[in-house]
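Structural overview
Listed below, chain by chain, are the residues.
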Amino acid sequence: MRWTQSLIPTLRETPSEAEIISHQLLLRAGLIRKLGGGLYTFLPLGLRILRKIEAIIRQEMDRAGALEVLMPALQPADLWRQSGRLETAADVLFRVRDHAQKEWVLGPTHEEVITSLVAGEISSYRQLPRTFYQIQTKFRDEIRPRFGLMRAREFIMKDAYSFDLTDAAAQASYQRMFDAYERIFRRCGLQTMPVEADTGVMGGKLSHEFMVPAETGENQVAFCPAGDYAANLEKAAGAKPRRSSSEESPADLERFPTPGVTTIEGLSREPHGVPAERQIKTLVYLADSRPVLLLLRGDDYLNENKLAGVLGTPVFRAATADEIFDLLGAHPGSLGAIGVTRCPVIADEKLQGAVGMTTGANADGYHVRHVSVARDLPQVRWADLRTLRAGEPCPVCGHPLEIRRAIEVGHVFKLGTKYSQALGAWVLAEDGRQQPAVMGCYGIGVTRTLQAVVEQSHDKDGILWPAAIAPYQVCLTPLSVTPGQPVFDHALNLYAALGRQGVDVILDDRNERPGVKFKDADLVGFPLRVSLGDKSLARGEIELKPRNGSLQSVRLEQAEERILEICRMMNPSQPGIP
Ligand code: ATP
Ligand code: MG
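How each quantity is defined
Every chain is numbered independently, its residues counted from 1 as its sequence is written. As a convention, the first chain written is A and the first ligand written is 1, with the rest following in written order. In keeping with the predicted nature of the model, local features appear solely for residues at pLDDT of at least 70, side-chain atom pairs appear and are counted solely at 80 or more, and the whole-chain, interface and lining totals rest on all residues. The basis for every side-chain value is the complete set of heavy atoms in the structure, and neither hydrogens nor water enter the calculation. Secondary structure elements are taken from DSSP: a helix is a run of H or I of four residues or more, a strand is a run of E of two residues or more, and numbering for both begins at the N terminus. Computed by Shrake-Rupley with a 1.4 Å probe, the accessible areas treat only the displayed protein chains as cover when residues are assessed. Whether two strands pair comes down to DSSP finding at least two bridges between them. Angular values range over 0 to 180 degrees, each being the angle between N-to-C directions of two axes fitted as lines to C-alpha atoms, with helices fitted over their stretch in contact. Contacts are residue-level and defined by heavy atoms, with any inter-residue pair within 4.5 Å sufficient. Note on definitions: salt bridges are taken to be side-chain nitrogens of Lys or Arg within 4 Å of carboxyl oxygens of Asp or Glu. Between buried and exposed lies partly exposed: a residue is buried under 20% and exposed over 50% of the maximum accessible area for its type, with that area taken using a 1.4 Å probe on protein chains only. When at least one non-hydrogen atom of a residue lies within 4 Å of a molecule or strand, that residue is treated as near it. N or O atoms within 3.5 Å of each other form a polar contact, as long as, within protein, one can give a hydrogen and the other can take it, and as long as residues adjacent in sequence are counted only when both atoms are side-chain atoms. By definition, disulfides here are pairs of cysteine sulfur atoms that lie within 2.5 Å. Any Phe, Tyr or Trp ring, taking Trp's six-membered ring, that has another such ring centre within 6.5 Å forms a pair; planes under 30 degrees apart are called stacked, those over 60 apart edge-to-face, and the others tilted. Cation placement over rings: the criterion is NZ of Lys or CZ of Arg within 6 Å of the ring centroid and within 35° of the ring normal. Any angle between 65 and 115 degrees counts as roughly perpendicular, while under 35 counts as roughly parallel, over 145 as roughly antiparallel, and the rest as oblique. We call a crossing left-handed when the near helix sits turned anticlockwise from the far one by less than a right angle, and right-handed when that turn is clockwise. Gly falls in the polar group here, along with every residue not listed as nonpolar (Ala, Val, Leu, Ile, Met, Phe, Trp, Tyr, Cys, Pro) or charged (Asp, Glu, Lys, Arg).

Counting its regular elements, the chain contains 16 helices and 31 strands. When its C-alpha atoms are laid out on the principal axes, the chain stretches across 100 × 65 × 50 Å. Here the chain has roughly 25900 Å² of accessible surface; of this, 50% comes from carbon and sulfur atoms.

See below:
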């Protein structure tokens, strides 16, 4: 490709619409342009990158035995009604009507469509296992589309769905996809960390997310530096508490006045001076309209994802001050669970065996001290309710956990039979009985992956594309483009020769100053820049500059071979390079 014949509108200035570096660089490098919030056009170079990522995904999906299909993005709303997700996924669904007022959904994902397909086409265990995948456009009515391709309204996903007869077979399918994901991200030059994930509203059993550590990520991951454990903070489990070793006989409960104190912070200040970790925080929630008291250590925070699991329903909310007063006779800030038997009390496991604690007295302006949890709160049910904090012990080895922000690029999920039952994907088992197929679903945000690479791989001058997905591997830069002059002639010859060898090469044939060309090449992030100028050519040499390496001169007659060698080294699996 010749630069002058493409469309590569690089920008010097940082576009104000872009908050994070990867978004800025995709715009500045002329790879994408915005149409509207969460809607982007891929320009020629951006599309080349996307196609290369897709090619890697296809190869690895095929290698894992998955079958490619292509399903409609436009789907009958009735299908979503049948699975129950017309309601439960309502917040992300784009819904449209046709001229006859019939309702349709723009697919945010394809469990419904693939399961109904399988219900019609697969009927016997002999046809299993099967995994289907597609690379296709998804639509989600995100509340806050932002960060460019990271959270878009329309984006490209690779989604896959496995169907098995038994749970054990489904586990094997899950593992095959998990392994394929590791290979895909590695081949894209992206470092990812698989973490245990919340199964949430999908109703599944086992799930991992592939996370790219990044300050700008919207997720938080708790992980053990010893490598024993990694989980999304939404579900990261606290270590099981050791039984209390406290032998001290607890002092008697004592009620004391705390006028005007309504927060953990307030009680920790003088004159009371009760540190947050010696306080019990009491929260009141309504689950399916029934009240429940939640107890946490004063310095811990409730994790609502865990709460959903503990309550067995995602339908709950914090009670209002009035509702709380009706229930307990006090307002938030003076609440406690001592003696409360009218509603269930669930306490975070970290409180197990705690003594010398302070809690609200269920009377405005009063607290109670010398609380021994075992003695004074015998009615509580124990659960893991808190959001983990850095430094808490790893649930596997006890080593202090660390917390990092991360970008979710992929998600694998053991679904069970929820969709096969709802949509009739039953198969005949060997023993002659009908069984619902056991499913898994697997997603990679293809466009998000593309941007995550940039977030992970850039410097002050621009992007550093891993060779496997670079828009072009080599940017050939003659410093003069006058036809008939040696510099340009040699450049044209080398361009043709590299092309014949299957090297992905772009010729920067713009009549621009060298500085402009070099800046653009660095900004776009071609892995290797090859420049030809009068001075070095006079010595019979040209210059090679790997994007993240140092300048080297090679003899003109060795240039082709040396470039091929570098390309092979950078990307051993590149097809077309011998
Ligand atoms: P998130 O938590 O970021 O909203 P999700 O868990 O809803 O994502 P999944 O349903 O697991 O997403 O979709 C599979 C993959 O699709 C995600 O891992 C992510 O890479 C990508 N993805 C999801 N939503 C978007 C979006 N709005 N824009 C771009 N990519 C997305
Ligand atoms: Mg997800």
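Alright, that's what it looks like, and here's the rest.
A word on the sheet that holds strand β20 (residues 381-383). Taken in spatial order, the five strands make up an open sheet running β16-β14-β15-β17-β20, and their pairing is mixed. Where the open sheet ends on each side, the last strands, each with one partner, are β16 (316-318) and β20. Sheet twist, expressed as the average angle between the axes of neighbouring strands with direction ignored, equals 35°. When strand β15 (residues 290-297) meets strand β17 (residues 345-348), the two strands line up parallel, connected through three bridges. Residue Leu293 lies in a different strand from β17, and its bridge partner there is Val345. Running over the sheet, helix α8 (residues 304-311) touches β14 (280-287), β15, β16, β17 and β20 and is turned about 130° from β16. Along the sheet, helix α9 (residues 321-328) makes contact with β14, β15 and β16, crossing β14 at roughly 105°.

A word on the pattern of salt bridges. For the coordinates displayed, the defined rule picks out 43 salt bridges. One salt bridge in this structure joins Arg386 and Glu392, with 3.0 Å as the shortest N-O distance. When sorted by exposure, Arg386 lands in the same class as Glu392, which is buried. Each of Arg297, Asp299, Asp300, Lys306, Asp348, Lys350, Asp384, Arg386, Arg389 and Glu392 takes part in salt bridges that share partners, so that together they form one network.

A separate point is the site of ligand 1. Neighbouring ligand 1 are 14 residues; Arg140, Glu142, Arg151, Ala152 and Glu408 lie closest to it. With respect to ligand 1, the side chain of Arg140 contributes an N or O atom lying 2.9 Å from an oxygen atom. For ligand 1, an oxygen atom lies 2.7 Å from a polar atom in the side chain of Glu408. For ligand 1, the protein covers 81% of the area, taking 580 Å² as the surface of the free molecule. When residues of the shell around ligand 1 are traced back to their parent elements, those giving at least two are β8 (154-164) and β21 (402-416).

Take helix α1 (residues 21-28) next. Across the eight residues that make up α1, a large majority, seven, are buried. For α1, the complete set of buried residues consists of Ser22, His23, Gln24, Leu25, Leu26, Leu27 and Arg28. Those residues of α1 hidden inside the fold are in contact with β1 (32-36), β2 (39-42), α12 (446-456), β25 (458-459), β26 (462-463) and α14 (514-524). One or two steps after α1, the chain reaches Gly30, where phi turns positive at roughly 70°.

Another aspect to go through is the side chain of Asp509. Within the fold, Asp509 resides in the loop between β28 (505-507) and α14. Judged by its relative accessible area of 9%, Asp509 is buried. Within the structure, the side chain of Asp509 is placed 3.3 Å from the backbone nitrogen of Trp3, a separation counted as a polar contact. Setting aside residues up to four positions removed in sequence, Asp509 forms contacts with Arg2, Trp3, Thr4, Val481, Phe488 and Lys517.

The subject of this paragraph is the state of the cysteines. Taken as a whole and assessed by the stated rule, the structure comprises zero disulfides. Free of any disulfide, Cys188 has its nearest cysteine sulfur in Cys567, 18 Å distant. This cysteine, Cys567, is not joined by any disulfide, and Cys475 carries the nearest cysteine sulfur, 12 Å off. Residue Cys567 is classed as buried on the basis of its relative accessible area, which comes to 0%.

With that settled, consider the packing of aromatic side chains. Counting across every chain of the model gives nine aromatic pairs. Through a chain of ring-to-ring contacts, the aromatic side chains of Phe178, Tyr181, Phe185 and Phe210 assemble into a single cluster. Of note, Lys102 hangs over the ring of Trp104, and the distance from its end group to the ring centre comes to 5.0 Å. Directly above the aromatic system of Tyr301 lies the positively charged group of Lys281, at a separation of 4.1 Å from the ring centroid.

With that settled, the discussion passes to the environment of Ile566. Examined against the element boundaries, Ile566 turns out to sit in helix α16 (residues 556-570). Between the alpha carbons of Ile566 and Pro546 there is a distance of 8.8 Å; along the sequence they are 20 residues apart. When near neighbours in sequence (up to four residues on either side) are disregarded, Ile566 contacts Leu528 and Leu544.

Right, let's talk about the packing of helix α2 (residues 44-63) against helix α6 (residues 167-187) for a bit. Taken N-terminus to C-terminus, the directions of α2 and α6 make an angle of 155°; their axes are 9 Å apart at the nearest point. Considering the angle they form, α2 stands roughly antiparallel to α6. As α2 runs across α6, the sense of the crossing is right-handed. Between α2 and α6, the residues in contact are Ile56, Ile57, Gln59, Glu60, Met61 and Arg63 and Met177, Ala180, Tyr181, Arg183, Ile184 and Arg187, respectively. Across the contact of α2 with α6, the residue classes tally to seven nonpolar, one polar and four charged.

All quantities given are derived from atomic positions and should not be read as evidence of function.
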